[in-house]
Amino acid sequence: MAEQPTLARTPLPEPKQAHAGYYAFPHDKLRRRLRDARKTPLVLVACGSFSPITTLHLQLFELADHYVERTTDFEIVGNYLSPCSDNYGKPSLVAAEHRINMCKLAIEERNSNVMVDEWEALRRDEAGNPLYTPTPDVLERLDHQINDILGGIETSDGSTAVRARIMLLIGADLAQTMADPEIWPPAHLDVLLGIYGALIVERPSQCDVEQAILPLKKYHDKIRVVPSFDNDVSSSKVRAQIRTGESVLDLPESVYEYILAHKLYRDGPLNRDLSKDADKVIDGDATPAPTRPPVASNG
Ligand SMILES: Nc1ncnc2c1ncn2[C@@H]1O[C@H](COP(=O)(O)OP(=O)(O)OP(=O)(O)O)[C@@H](O)[C@H]1O
Ligand SMILES: NC(=O)c1ccc[n+]([C@@H]2O[C@H](COP(=O)(O)O)[C@@H](O)[C@H]2O)c1
């Protein structure tokens, strides 16, 4: 059985004004009993902007599932999307409420077993302003919710409960940024990768995964690379297609319709420069809403 992580820090207290409205930790799709007695229950959490969620974001979980099924040590019992706070500071973020709604629509349309945890996206400070939560804190809180509050996952014969292992699910491009201590302080990585670990999905259109994880050598025993397929799906590309009125192939149809209904992503540069820096919102640069319906991909 794989080694169980231990909590390095006291779990985050739930701030009094953590959320604008009602919130309960979602666990309806968390499988509470292991199937295979030899395995450790694994919960995956994908942190990111999801502005908007694409078909590939949900496929990350499918790729991870395919990968983990072939391992001898883990069994996936839960999958979470945790959209980041509006305070993350990425210019391309639309309001958390929209990003959460789009994640939920995508999950429903695809009949996916993923849950959306709204806690990170809606967390607020005492003054009621959106509060950014560093990713290690997100995983610590999930660990606390599942293992301390819910009491973990039952063994296959139901005789006892064990702690689920929580792991981050990310793309190789995000792993590549982890070499920069200005973005990921070593203390964050020591918790995130040193205690929890990550499944890192290849993203060949953006970087070489082996190069990306080289600087993370210290944590290699907690990192696993998940094979993917050639694709250039990204939220940036989708946003650019919406602005220019091109066909959008990489969104669930309900998400596309939501974007049109709420007039999201209509402002921005007209040239299709997909670099992240080119994605700054330009006030008043409203482009007409696309008229063509999306061709939903089946993947
Ligand atoms: N095509 C993809 N292949 C592998 N990982 C992906 C892919 N698209 C997104 N991800 C991963 O999903 C997580 C959330 O990504 P995010 O919401 O930033 O999407 P994005 O497409 O990278 O967005 P943007 O284009 O706005 O930068 C990150 O870990 C990212 O690496
Ligand atoms: N030090 C940290 O905890 C840290 C640094 C950079 C990004 N992140 C997270 O990584 C994710 C990145 O998302 P994007 O790929 O959309 O930028 C977000 O969830 C963000 O909160 C965390």
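Residues numbered from 1 in each chain as written. Chains lettered and ligands numbered in written order. Predicted model: local features only at pLDDT ≥ 70, side-chain atom pairs only at ≥ 80, totals over all residues. Heavy atoms only, no water.

- Per an unreviewed UniProt entry, the recorded name for the protein is Nicotinamide-nucleotide adenylyltransferase, and the organism is Hapsidospora chrysogenum.
- Under the UniProt heading Sequence similarities (unreviewed entry), the note attached to the protein is "Belongs to the eukaryotic NMN adenylyltransferase family."
- UniProt lists a comment for the protein under the heading Pathway (unreviewed entry), and it reads "Cofactor biosynthesis; NAD(+) biosynthesis; NAD(+) from nicotinamide D-ribonucleotide: step 1/1." (UniProt positions renumbered as here; feature names shortened; annotations may be inferred.)

### Focus on the site of ligand 2
Part 1: Around ligand 2, the surrounding shell holds 15 residues, and the nearest of these are S49, Y88, K90, Y132 and T135.
Part 2: Within the side chain of S49, one N or O atom sits 2.5 Å away from an oxygen atom of ligand 2.
Part 3: The side chain of K90 places a nitrogen or oxygen atom 2.8 Å from an oxygen atom of ligand 2.
Part 4: Protein chains shield 90% of the accessible area of ligand 2, which is 500 Å² for the free molecule.
Part 5: At the level of elements, β1 (40-48) and α4 (135-149) are the ones that each hand at least two residues to the shell around ligand 2.
Part 6: Grouping the constituent residues of the shell around ligand 2 by class yields ten nonpolar, four polar and one charged. (Near = heavy atom within 4 Å. Polar contact = N/O pair within 3.5 Å; in protein donor to acceptor, adjacent residues only side chain to side chain. Areas by Shrake-Rupley, 256 points an atom, 1.4 Å probe, with all protein chains shown as cover. Helix = DSSP H or I, 4+ residues; strand = E, 2+ residues; numbered from the N terminus. Nonpolar A, V, L, I, M, F, W, Y, C, P; charged D, E, K, R; others polar.)

### Thoughts on the UniProt feature "domain: Cytidyltransferase-like" (unreviewed entry) in the protein
Part 1: As recorded in UniProt, the feature "domain: Cytidyltransferase-like" (unreviewed entry) lies at residues 45-240.
Part 2: In residues 45-240, helix accounts for 39% and strand for 18%; the two terminal C-alpha atoms are 27 Å from one another.

### Some details on the site of ligand 1
Part 1: Surveying the vicinity of ligand 1 reveals 21 residues, the closest of which are F50, D173, R203, S235 and S236.
Part 2: Within the backbone of S49, an N or O atom sits 3.3 Å from an oxygen atom of ligand 1.
Part 3: Interatomic distance of 2.8 Å between a backbone N/O atom of S235 and an oxygen atom of ligand 1.
Part 4: Isolated, ligand 1 exposes 600 Å² of accessible area, and the fraction of that covered by the protein chains is 97%.
Part 5: Residue classes in the shell around ligand 1 are distributed as seven nonpolar, eight polar and six charged.

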